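Spelled out, the chains give:
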Amino acid sequence: MADGPGDESTPRRRRAGPAPAKPSRVRMSAAQRREQLISIARQIFAERGFDATSIEEIAARAKVSKPVVYEHFGGKEGLYAVVVDREVRSLLDRISTALTAGHPRELLEQAALTLLTYIEEETSGFRVLVRESPLLSATGNFSSVMNDVAHQVEHILGAEFSSRGYDPKLAELYSQALVGMVALTGRWWLEVRKPRKETVAAHLVNLAWNGLSHLEAKPGLITVRGR
């Protein structure tokens, strides 16, 4: 007796379904690839610094060949310059946008808080800026940013000094001292992250503003007064 269609002894053939489609690799445009390389390089420069960073590692993380990196930037120096230029412009834009108050104390608060916020939100970028490098980008570095900020503060202090009877020529000295204090504190806070940035900014302004409020017209050094 022939086996019926329902007989379990007859092997059944399974219909082969369509093979699963392989995920297609999305090809980046030249602009997208450039942005990817800048982002990866920014992170590695922040981690290792300029000297310890290699094109090989950047290319490996981006999953491209070294010639692709050279094609976009000409080499490590060119890529580093682009990364630093972007960070400098970003920080300057933040500070310029933040300095909107009319009162000098509020301006100090805005400058201090803006720098600390940048450190908090763009830690890698800040690490790139403050790391020592044998190269100077087209825009500059962290020191050049702080000098630009100091020049803005200088104009404000100069007007205040004139109205209070102090020598306005000393405004440059005081502006460098104030901005330097904020910048150095920012580098310290980059590592410790406490207290919170609002508290740090408040104490910076407390020291700066109360110091400015009680300036001596002609200060001298105690240690040399008796000589």
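Residues numbered from 1 in each chain as written. Predicted model: local features only at pLDDT ≥ 70, side-chain atom pairs only at ≥ 80, totals over all residues. Heavy atoms only, no water.

J.: Tell me what's going on with the packing of helix H5 (residues 104–121) against helix H6 (residues 123–130), and back it up with residues and numbers.
T.: Closest axis-to-axis distance for the H5/H6 pair is 5 Å, and the angle between their directions is 110°. It follows from the interaxial angle that H5 and H6 lie roughly perpendicular. Where H5 abuts H6, its residues Leu-115, Tyr-118, Ile-119, Glu-120 and Glu-121 lie against Thr-123, Gly-125, Phe-126 and Leu-129. (Axes fitted to C-alpha atoms, helices over the stretch in contact; angles between N-to-C directions. Helix = DSSP H or I, 4+ residues; strand = E, 2+ residues; numbered from the N terminus. Parallel < 35°, antiparallel > 145°, perpendicular 65-115°, else oblique. Contact = heavy atoms within 4.5 Å.)

J.: Go over unusual backbone geometry with me, naming the residues and quoting the values.
T.: For the bond running from Lys-194 to Pro-195, omega is 0°, close enough to zero to count as cis. Within the secondary structure layout, Pro-195 lies in the loop between helix H8 (171–192) and helix H9 (197–213). Phi is positive for Lys-63, which is not a glycine, with a value near 60°. By the element assignment, Lys-63 lies in the loop between helix H2 (55–62) and helix H3 (66–73). On the accessibility criterion, Lys-63 (66% relative accessible area) is exposed. Even without a glycine there, the phi angle at Arg-193 is positive, about 55°. (Buried < 20%, exposed > 50% of the residue type's maximum accessible area, 1.4 Å probe, protein only.)

J.: Break down the pattern of salt bridges for me, citing the residues and quoting the values.
T.: In this structure the tally under the stated criterion is 14 salt bridges. Between Arg-86 and Glu-35 there is a salt bridge; the shortest N-O distance is 2.6 Å. Here Arg-86, found in helix H4 (residues 76–98), pairs with Glu-35, found in helix H1 (residues 30–48); they are 51 residues apart in sequence, far enough to count as distant. In this structure, Glu-121 engages Arg-94 in a salt bridge whose closest nitrogen and oxygen atoms are separated by 3.1 Å. Note that Glu-121 is positioned in helix H5 and Arg-94 in helix H4, a separation of 27 residues in sequence. Residue class for Glu-121 comes out partly exposed when judged on its relative accessible area of 49%. Judged by its relative accessible area of 24%, Arg-94 falls in the partly exposed class. Beyond isolated ion pairs, a larger network of salt bridges with shared partners links Arg-42, Glu-87, Arg-94, Glu-121 and Glu-122. (Salt bridge = Lys/Arg side-chain N within 4 Å of Asp/Glu carboxyl O.)

J.: Would you mind going over the packing of aromatic side chains in detail, with residue names and values included?
T.: A full pass over the atoms with the stated rule returns 7 aromatic pairs. Ring centres of Phe-45 and Phe-50 lie 6.2 Å apart, and the angle between their planes is 15°; on these two criteria the pair is classed as stacked. You'll find Phe-45 and Phe-50 in the same group, each marked buried. Between Phe-126 and Phe-142, the aromatic rings sit 5.1 Å apart at their centres with planes inclined by 85°, giving edge-to-face as the arrangement. (Phe/Tyr/Trp six-rings, centres within 6.5 Å; stacked < 30°, edge-to-face > 60°.)

J.: Run through the nonpolar core, naming residues and quoting values.
T.: A general feature of soluble globular proteins is that nonpolar side chains tend to end up buried together. Within the largest apolar cluster, 58 residues are counted, with the highest numbers of intra-cluster contacts made by Phe-45, Val-69, Leu-79, Leu-91, Phe-126, Phe-142 and Met-146. The leading source of residues in this core is H4, at 9 residues. Excluding anything up to four places from it in sequence, Phe-126 contacts Leu-115, Tyr-118, Ile-119, Phe-142, Gly-186, Arg-187 and Leu-190. (Core = buried A, V, L, I, M, F, W, Y, C linked by side-chain atoms within 4.5 Å.)

J.: Kindly report on the side chain of Thr-185, identifying the contributing residues and their values.
T.: Counting through the fold element by element, Thr-185 comes out in helix H8. Looking at Thr-185, the relative accessible area reads 18%, which means it is buried.

J.: Residues and numbers for empty space enclosed by the protein, please.
T.: A full pass over the atoms with the stated rule returns 4 cavities of 30 Å³ or more. Considering only enclosed or pocket space, the largest cavity measures out at about 220 Å³ in volume. Every residue lining the largest cavity is counted, 18 residues in all, and those nearest its centre are Leu-107, Leu-108, Ala-111, Val-153 and Val-179. Of all the secondary-structure elements, those providing two or more residues to the lining of the largest cavity are H5, helix H7 (142–164), H8 and H9. Among the elements that take part in the lining of the largest cavity, H5 stands out by supplying 6 residues, more than any other. A class-by-class count of the residues in the lining of the largest cavity yields 18 nonpolar, no polar and no charged. (1 Å grid on protein atoms, 1.4 Å probe; cavity = no way out; pocket = protein on both sides within 12 Å on 5 of 7 lines; lining within 4 Å. Points joined across faces, edges and corners; volume = space filled by probe spheres on them. Nonpolar A, V, L, I, M, F, W, Y, C, P; charged D, E, K, R; others polar.)

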